[in-house]
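# Observations on the three-dimensional arrangement
If you want the building blocks of each chain, they are given just below.
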Amino acid sequence: MSGLFWYADPVADLPGVDMYVPKAIKYPWAPDAYVAFPTMFFHYESGSETRKVLGPEGRLKRGDGPTECQLAVSRDGLHWRRLPRPAYIGIGRHDGKNPKMIYSTCNLVRRGDELWHYFLGTENYHGSSSVPNARWDLYRVTQRLDGFVAAQAP
């Protein structure tokens with residue numbers, strides 16, 4: 001998945017996925033490096049039969065599906081490589097809450113050898129049937145400087 005694009009990839013992404021608000025920035029702590037944090041929206045009520053099983057009737061009032069934040073990288077700001085799995089900031093437990101909709105901010109804060117990345121999240125699902133005026137919270141994730149991707153071994 002590389003090239004000049006900001007769209008869902010038909011090979012890497014399941015049907016019923018949209019990509020938007022990539023939040024692309026020049027990475028200030030490395031020469032010729034750019035990072036982006038696209039939001040992926042998973043339509044549970046549309047797409048393939050595999051997707052539809054994720055949206056049983058009991059979920060219809062909770063919205064169309066979650067959003068997550070993925071990572072994309074570039075050396076020139078024109079040609080990008082998106083790293084979809086694992087999600088850079090995924091849904092699930094954050095500060096004792098369970099946000100289903102996540103949107104990255106467009107900046108990184110350096111504190112010593114750490115990067116702080118802020119994002120907005122709500123426990124509501126994305127979609128037209130979502131709860132109006134749902135509460136949004138500001139969260140922070142912390143990583144080591146330049147630590148966007150890592151390999152782990154036993």
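Heads up: the structure comes first, above all this text.
Described below are features of the structure shown in this document. Because the structure is predicted, anything quoted here is derived from the model rather than measured. (Residues numbered from 1 in each chain as written. Predicted model: local features only at pLDDT ≥ 70, side-chain atom pairs only at ≥ 80, totals over all residues. Heavy atoms only, no water.)

### Brief notes about the overall build of the protein
On a plain count of helices and strands, the protein comes out with one helix and eleven strands. Secondary structure of the protein in N-to-C order comes out as β-β-β-β-β-α-β-β-β-β-β-β. Taking all 154 residues of the protein together, 40% fall into the buried category. Surface summary for the protein: the accessible area is close to 8900 Å², and the carbon and sulfur share equals 55%. (Helix = DSSP H or I, 4+ residues; strand = E, 2+ residues; numbered from the N terminus. Buried < 20%, exposed > 50% of the residue type's maximum accessible area, 1.4 Å probe, protein only. Areas by Shrake-Rupley, 256 points an atom, 1.4 Å probe, with all protein chains shown as cover.)

### Some thoughts on the layout of surface pockets
Empty space within the largest pocket amounts to approximately 280 Å³. Considering the residues around the largest pocket, the lining is formed by Leu71, Leu83, Arg85, Pro86, Ala87, Tyr88, Gly147, Phe148, Val149, Ala150 and Gln152. (1 Å grid on protein atoms, 1.4 Å probe; cavity = no way out; pocket = protein on both sides within 12 Å on 5 of 7 lines; lining within 4 Å. Points joined across faces, edges and corners; volume = space filled by probe spheres on them.)

### With respect to the pairing of strand β9 (residues 101-111)
In the sheet, β9 pairs with strand β10 (residues 114-122) via eight bridges, with the strands oriented antiparallel. Its bridge partner being in β10, Val109 is matched across the sheet by Trp116. Hairpin geometry of β9 and β10 is characterised by an intervening segment of two residues between the two adjacent antiparallel strands and by a positive phi of about 65 degrees at Gly112. (Pairing = 2+ DSSP bridges.)

### A word on the packing of aromatic side chains
Per the counting criterion, the structure on display carries eight aromatic pairs. Where Phe37 meets Tyr88, the ring centres are 5.1 Å apart and the plane angle is 35 degrees; that geometry is what we call tilted. You can see Phe37 sitting in the loop between β4 (34-36) and β5 (39-42) and its partner Tyr88 sitting in the loop between β8 (80-83) and β9, a full 51 residues away along the chain. On the numbers, 6.4 Å between centres and 35 degrees between planes, the contact of Phe37 with Phe148 is tilted. Here Phe37, found in the loop between β4 and β5, pairs with Phe148, found in the segment after β11 (137-144); they are 111 residues apart in sequence, far enough to count as distant. Of the two residues, Phe37 and Phe148, both sit in the buried class. An aromatic cluster of three or more residues is present, and its members are Tyr27, Trp29, Phe37, Tyr88 and Phe148. Above the ring of Trp116, the side-chain terminus of Arg111 is found at 5.6 Å from the ring centroid. Against the face of Trp116 rests Arg140, its NZ or CZ located 3.9 Å from the ring centre. (Phe/Tyr/Trp six-rings, centres within 6.5 Å; stacked < 30°, edge-to-face > 60°. Lys NZ or Arg CZ within 6 Å of the ring centre and 35° of its normal.)

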